[in-house]
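Below are the chains, spelled out letter by letter.
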Amino acid sequence: MGPRFLDDERKFILVREGDDRHLSERSLGAWCSRHRNDLVQMLDHHGGILFRGSMAADADALGRFAADAGFTPGDYLGGSTPRTQVRGDVYTSTDLSPLFPIPVHNEMSYLARYPRFLLFFCVQPARRAGWTPLADMGRVYARLLAALRDRFDRLGLCYTFRLSSRHPNAAAKTWQGSLGTVSLDEACEIARRRGLEPVWDDRSGVLTLTSRRPATLRHPRTQVPVWFNQAHVYHESYADELAHHGRPVLAWVVRQVNARQQYVPSRFRTGYTVTFGDGSPISREEIRTLREALWAETVTFDWQPGDLLLLDNLRAAHGRTPFSGKRRILTYLGDDWPGTEAAPVLDQAPAWPRSEEVRTPDIAH
Ligand SMILES: [Fe+2]
């Protein structure tokens, strides 16, 4: 029997089911370390690997696996989602309210440094939904209209994060929470190292961080252009995601709250916004076209306790759907990869390498 995928037609996200019940996170980690080249080649071809049935659903297992597999841990300084450090290099995937969907995105693509690899580990799946949708950003790039890609490629993006000193909420963390320090000087230094330009306002206590980033990248290994940004996450039309996930009332509430922002003096406003790199607005129509491409290229799966998902963060985007019940998905950010190169505009998408060329050796002790 050939390899299985979350999406068999697109051969996106290879599924490796452990057939040895004695295989632990230690032996799986050691296998990944020994077969690093094979592992990276599999990621080049399939964007990610779901290891199923090999690990106990134990919160410490992810850290042990990552260390044995030889990943270099990254931190989450400058990151936007509320997240708890569980132990060492292991974080909760997000602490955002289960009411809100997180659109698929490349982790930390608004910063000058971002992880090359992402690990997600399921300790407890939600009672209902709480999926981690995944999108192939090479296919998203190819699917988007040339005119739209051209505009994003030429102009790039400007993200603005306005962070309060005291009031974290669903829309924004505090600057201390985002940058991991209570020292303003240190926070500004950390921000600059992450490619964020800080501006402090003493009267409002708001730290504004601005990041100018390309909207696309050429994948450094496969040379395939990928959509690599979070324009749709921070765009004012976020409520459209709520409507898409069957939450029209909440979408209406969010639109009302956003509309009232205009009555708040600008220096006191907090939250995240995005424009093109030259400051011009990204239209709702452009973002709608983008969202439709992302939704069309998204696959989902049901988490099982002990599932370990390894993603190439440059190729495979991830998100989170709303859910009910308790959900505990942990994450590990591996091997920082600074990248600045924007992909050129192409007339047509290049073909992916043939999946038959990928070796998938058996997992052994
Ligand atoms: Fe994320």
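Residues numbered from 1 in each chain as written. Predicted model: local features only at pLDDT ≥ 70, side-chain atom pairs only at ≥ 80, totals over all residues.

### So, the nonpolar core
Across soluble globular proteins, nonpolar side chains show a tendency to be buried alongside one another.
Part 1 of the reasoning: The biggest cluster of nonpolar side chains holds 83 residues, and the ones touching the most others in it are Leu62, Leu119 and Phe121.
Part 2 of the reasoning: Looking at this core, the element that brings in the most residues is strand S7 (residues 115-124), giving seven residues.
Part 3 of the reasoning: Counting only domains with at least three residues in this core, you end up with domain 1 (22-137 + 292-346) and domain 2 (141-284).
Part 4 of the reasoning: Aside from chain neighbours lying at most four places away, what touches leucine 62 is Val90, Leu119, Phe121, Leu330 and Tyr332. (Core = buried A, V, L, I, M, F, W, Y, C linked by C-beta atoms within 7 Å. Buried ≥ 20, exposed ≤ 12 C-beta atoms within 10 Å, placed from the backbone. Helix = DSSP H or I, 4+ residues; strand = E, 2+ residues; numbered from the N terminus. Domains from an automatic or database assignment. Contact = placed C-beta atoms within 7 Å.)

### A closer look at the pairing of strand S20 (residues 328-336)
Part 1 of the reasoning: Alignment of strand S5 (residues 90-92) against S20, held across two bridges, turns out to be antiparallel. Each bridged residue has a counterpart across the sheet, and for threonine 92 the counterpart in S20 is leucine 330.
Part 2 of the reasoning: Pairing analysis gives eight bridges linking S7 to S20, with the strands arranged antiparallel. By the bridge assignment for S20, phenylalanine 120 is matched with threonine 331. (Pairing = 2+ DSSP bridges.)

### Some points on the sheet that holds strand S11 (residues 197-201)
Part 1 of the reasoning: Strand order in this open sheet of four strands is S11-S12-S10-S15, and the pairing throughout is antiparallel. Unpaired on one side and paired on the other, S11 and strand S15 (271-276) mark the two borders of the sheet. Between one strand axis and the next, the sheet turns through 20 degrees on average, direction left out of account.
Part 2 of the reasoning: By the bridge criterion, eight bridges tie strand S10 (residues 157-164) to strand S12 (residues 206-213) in an arrangement that is antiparallel. Counted as the bridge partner of phenylalanine 161 is leucine 209 from S12. (Axes fitted to C-alpha atoms, helices over the stretch in contact; angles between N-to-C directions.)

### Examining the pairing of S11
Part 1 of the reasoning: Here S11 runs beside S12; their pairing, made up of five bridges, is antiparallel. Bridging across to S12, proline 198 finds its partner in leucine 209.
Part 2 of the reasoning: Linking S11 back to S12 in an antiparallel pair, the connection comprises four residues, with glycine 205 at a positive phi of about 70 degrees.

### Some points on the sheet that holds strand S16 (residues 298-299)
Across a sheet, strands are paired by hydrogen bonds formed along the backbone, either parallel or antiparallel in direction.
Part 1 of the reasoning: The strand order across the open sheet built from four strands is S6-S18-S9-S16, with neighbouring strands paired in antiparallel fashion. Sheet topology places strand S6 (102-105) and S16 at the edges, where each strand pairs with a single neighbour.
Part 2 of the reasoning: Where S6 lies against strand S18 (residues 316-320), two bridges are found, and the strand directions are antiparallel. Looking across to S18, one finds that isoleucine 102 is bridged to arginine 320.

### Side note on the environment of serine 97
Part 1 of the reasoning: If you trace the backbone, serine 97 turns up in the loop between S5 and S6.
Part 2 of the reasoning: Between the alpha carbons of serine 97 and phenylalanine 323 there is a distance of 9.2 Å; along the sequence they are 226 residues apart.

### Focus: helix H1 (residues 25-34)
Part 1 of the reasoning: All of the buried residues in H1 are Glu25, Leu28, Gly29, Trp31 and Cys32. Down the axis of H1, the smallest arc covering the buried residues is 160 degrees, so these residues share one side.
Part 2 of the reasoning: Residues of H1 that are buried make contact with helix H2 (36-46), strand S3 (48-52) and helix H3 (61-69). (Arc of directions from axis to C-beta.)

### Focus: the confidence of the model for the chain
Part 1 of the reasoning: Overall, the predicted model of the chain reaches an average pLDDT of 87, with 90% of residues at or above 70.
Part 2 of the reasoning: Confidence drops under a pLDDT of 50 for residues 340-361, and excluding neighbours within four residues, the segment shows 31 contacts in the predicted structure. (pLDDT = per-residue confidence, 0-100.)

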